[in-house]
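Residue-level structural notes
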Amino acid sequence: MVERNRAREHAITAAIVLGVLAIWYAVAALVAAGDDPLANAKLPYPHVIVDRFLTDFGEVMEAAWESLSTALMGFAIGTVVGIVLSVVMVQAAWIESALMPYLLAAQMIPMIALVPISQTVFKNDTATRLFIAAFITFFSVAVAVVRGLKSAPPPARELMKSYNAGRLRTLRYLDLPAAMPMLFSGLRVAAPLSLVGSVLVDLMGGSTGLGYLMLAAQTFGPAQAPLVWVAMFVLLVLGFLLAQAVILAEKVLAPWQPAMRQGGR
Amino acid sequence: MREAIVAAHDHGSVGARPSAVVVSEVSKVFGSGPSAVTALDNVSFDVPKGSFVSILGPSGCGKSTMLRLIAGLQPVSSGRIEVERHTPDEMRRAREFGIVFQQPILFDWRTVEQNVALPLQLIGTDRDERARRVSEMIELVGLADFRKHRPWQLSGGMQQRVAIARALAFGPRFLMMDEPFGALDMMTRERMQTELLAIWASKPDTTIIFITHSISEAVLLSDRIVVMSARPGRVMKTIDVDIPRPRTDQVRRDERFVEIEAEIRELIFSQEHA
């Protein structure tokens, strides 16, 4: 039964991919048939993109690694800062009500506005990428973990109190483990966004990375256009892999949650 | 008023034993001003050492609050509670209370074994001693085959047995149970009641304070029953149960059992119609 469902899922996925490709070819052919001399540059055929990916493989991978590595580091920094901040916030209601508005306000700052400012401050592409990726990550994580740290039921807290466990031990043995599911739901959102943040810095004045590759390709005329698409697809695949990596980490580190468990009643 | 009859059960007469807990004129008010709610009003009773005392009453009579006051989880508004000549808070800090709630409150990220080990870990019991006590407790509650299981893989009754093992693992002088079988089905519930008596028999020095709204449960298990009325919570009567121990399922058909059950039922209904 499960096998049959899985087979059906695969069939549907394959059908969707084929459908999208078919539409793409059709539209690209339509554009090419028009009288726009730059048609091929605007919407190249998929096989042209694949071809370009293979030709420029080394250059693309180098840019991808630059974007991915800084995104990952920023993601890690943002995660740590987010967890620490949320632990601080749940210590007292007044700390939370004092800090939460700033956290939500920070979430409203458009990244497009923040990137030039931080470029001016850091005067360094890598530092800016780290900062932006960390910034995007930290509030997703902080908002989620604050909720997670409060998720233990009141009797669990009373139980810890009956063992005369202080704040630190209650945090370690009860609240932090109980916050794991929320932490991971924050990380799932933040992981692809941290990558987008890193690439945004390339797009706004960086000189390496996938974003730079896109920008450069656009600047150097229609012949380079497929490279823009190559960079976009690589970005998409990396984002997908990052999200999958978070899900895998969750399965390993918090397999006990209701959504993950097997053999339960 | 019925005189407590001295009977041959393993704990001796309740009335003759020294008090482990003395509750005198305790009131508890939640909130303040016009929205203040009186949960307990001038409550007094005694818990004899090594006895099984139930606090019985309808929902809203403040019986769970009473348990939390004795366990030092909340302060009284007025009155006094003495536990072995100490304040509840002192006794809590000395880790003399093992608590079992209506929900088992097991940690999903820990196995059965690790859940039972939790209080020992917090106390700082060394590894060997911890392992010895955990396996002793798990055997006592009959879960030897499930030590590596996760809580959600167990039935409700089994989960509650893990909670009892955890509450007794660190050897507290008091076992406090807040409607521990309230969420179980009737058949599991009755089995758990006799099982609790068997577990208690192996730890006879433990004093048990048991919160329930089931009259038959209270009569079957208790040496003494504190019957409470609701809104505000007051003690209607304290009744000593003189049915000899060890008590088994047979006791439910015992003449004395039926008599005491009827007495309490009448008491509660007379209050409701007043």
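Residues numbered from 1 in each chain as written. Chains lettered and ligands numbered in written order. Predicted model: local features only at pLDDT ≥ 70, side-chain atom pairs only at ≥ 80, totals over all residues. Heavy atoms only, no water.

Structural notes on the sheet that holds strand β6 (residues 174–178) of chain B
Residues and elements named next belong to chain B.
- Read from one edge of the open sheet, 6 strands run β5-β6-β7-β3-β8-β9, paired in mixed fashion. Pairing within the sheet leaves two strands with one partner each, and these edge strands are β5 (97–100) and β9 (234–240). Strand-to-strand, the axes of this sheet are offset by a mean angle of 15 degrees, without reference to chain direction. (Pairing = 2+ DSSP bridges. Helix = DSSP H or I, 4+ residues; strand = E, 2+ residues; numbered from the N terminus. Axes fitted to C-alpha atoms, helices over the stretch in contact; angles between N-to-C directions.)

Observations regarding the confidence of the model for chain B
Residue and element names in this part refer to chain B.
- Residues of chain B with pLDDT of at least 70 account for 94%, and the chain-wide mean is 90.
- Low pLDDT, under 50, characterises residues 1–9; the stretch is placed with 17 contacts to residues that sit more than four places away or in other chains.
- Quick note on the complex model: pTM equals 0.84, ipTM equals 0.88. (pLDDT = per-residue confidence, 0-100. Contact = heavy atoms within 4.5 Å.)

Observations regarding the interface of chain B and chain A
- The interface is formed by 26 residues belonging to chain B together with 23 residues belonging to chain A.
- When chain B packs against chain A, close to 2,400 Å² is buried across both sides, 61% of that on carbon and sulfur atoms.
- Per-residue buried area on chain B facing chain A is highest for Trp109, Leu122 and Trp152 of chain B; these three make up 32% of the total on that side.
- For the salt bridge of Arg68 of chain B with Glu158 of chain A, the shortest nitrogen-to-oxygen distance reads 2.7 Å.
- The interface formed by chain B and chain A holds 6 residue pairs in polar contact (both at pLDDT 80 or more) in total.
- Elements with a minimum of two residues in the side of chain B that touches chain A: α2 (88–93), β5 and α3 (112–123) of chain B.
- Counting residues per element, the side of chain B that touches chain A draws most heavily on α3 of chain B, which supplies 4 residues. (Buried area = accessible area lost by both parts, 1.4 Å probe. Salt bridge = Lys/Arg side-chain N within 4 Å of Asp/Glu carboxyl O. Polar contact = N/O pair within 3.5 Å; in protein donor to acceptor, adjacent residues only side chain to side chain.)

Structural notes on the packing of helix α3 (residues 46–55) of chain A against helix α11 (residues 225–253) of chain A
All names here are of chain A.
- One way to put it is that α3 packs onto α11 with a least axis distance of 9 Å and a crossing angle of 80 degrees. One way to sum up the angle between α3 and α11 is to call them roughly perpendicular. Contacts between α3 and α11 pair Val48, Ile49, Arg52 and Phe53 from the former with Pro226, Leu227, Trp229, Val230, Phe233 and Val234 from the latter.
- In terms of residue class, the contact of α3 with α11 is made up of 9 nonpolar, no polar and 1 charged. (Parallel < 35°, antiparallel > 145°, perpendicular 65-115°, else oblique. Nonpolar A, V, L, I, M, F, W, Y, C, P; charged D, E, K, R; others polar.)

Considerations on the packing of helix α8 (residues 154–162) of chain A against helix α9 (residues 167–203) of chain A
Residue and element names in this part refer to chain A.
- Where α8 contacts α9, the two axes come as close as 11 Å, and the packing angle between them is 140 degrees. When the axes of α8 and α9 are compared, the crossing they make is right-handed. The segment α8 lies against α9, with Ala156, Arg157 and Met160 engaging Arg169, Thr170, Tyr173, Leu174 and Asp175.
- A class-by-class count of the residues in the contact of α8 with α9 yields 4 nonpolar, 1 polar and 3 charged. (Left-handed = near helix turned anticlockwise from the far one by under 90°.)

Details of the pattern of salt bridges
Residue and element names in this part refer to chain B.
- Counting across every chain of the model gives 33 salt bridges over all chains.
- The partner of Glu84 in a salt bridge is Lys49, and the shortest N-O contact between them spans 3.5 Å. Residue Glu84 is located in the loop between β4 (78–83) and α2, and its partner Lys49 is located in the loop between β2 (37–48) and β3 (52–56); the two are separated by 35 residues in the primary sequence.
- In this structure Glu84 comes out as buried when scored by relative accessible area, which is 15%.
- Among the residues examined, Lys49 registers a relative accessible area of 37% and is labelled partly exposed.
- Glu84 is the partner of Arg173 in a salt bridge, and the nearest nitrogen-oxygen pair spans 3.4 Å. (Buried < 20%, exposed > 50% of the residue type's maximum accessible area, 1.4 Å probe, protein only.)

Quick notes on the pairing of strand β7 (residues 207–212) of chain B
All names here are of chain B.
- β7 sits mainly inside the fold: 6 of its 6 residues count as buried.
- Burial along β7 is two-sided: Thr207, Ile209 and Ile211 and Ile208, Phe210 and Thr212, pointing in opposite directions, are all buried.
- Two elements, β3 and β7, share 5 bridges in a ladder whose sense is parallel. Opposite Phe52, over in β7, you have Ile208 as the bridge partner.
- Here 5 bridges tie β6 to β7, and the two strands are oriented parallel to one another. Bridge assignment links Met176 to a residue of β7, and that residue is Ile209.
- Note on the crossover from β6 through helix α6 (residues 186–201) to β7: the handedness is right-handed. (Right-handed = clockwise from strand over helix to strand, strands pointing away.)

With respect to α3 of chain B
- With 9 of its 12 residues buried, α3 of chain B lies for the most part within the structure.
- Elements in contact with the buried residues of α3 of chain B: α8 and α9 of chain A together with α4 (127–140) and α5 (156–169) of chain B.
- Remark: Gly124 of chain B follows α3 of chain B within two positions and exhibits a positive phi of approximately 95 degrees.

Here's the deal with the side chain of Glu179 of chain B
Residue and element names in this part refer to chain B.
- Turning to its location among the elements, Glu179 is positioned in the loop between β6 and α6.
- For Glu179, a relative accessible area of 13% translates into the label buried.
- Among the polar contacts made by the side chain of Glu179, one reaches the side chain of His213 at a distance of 3.2 Å.

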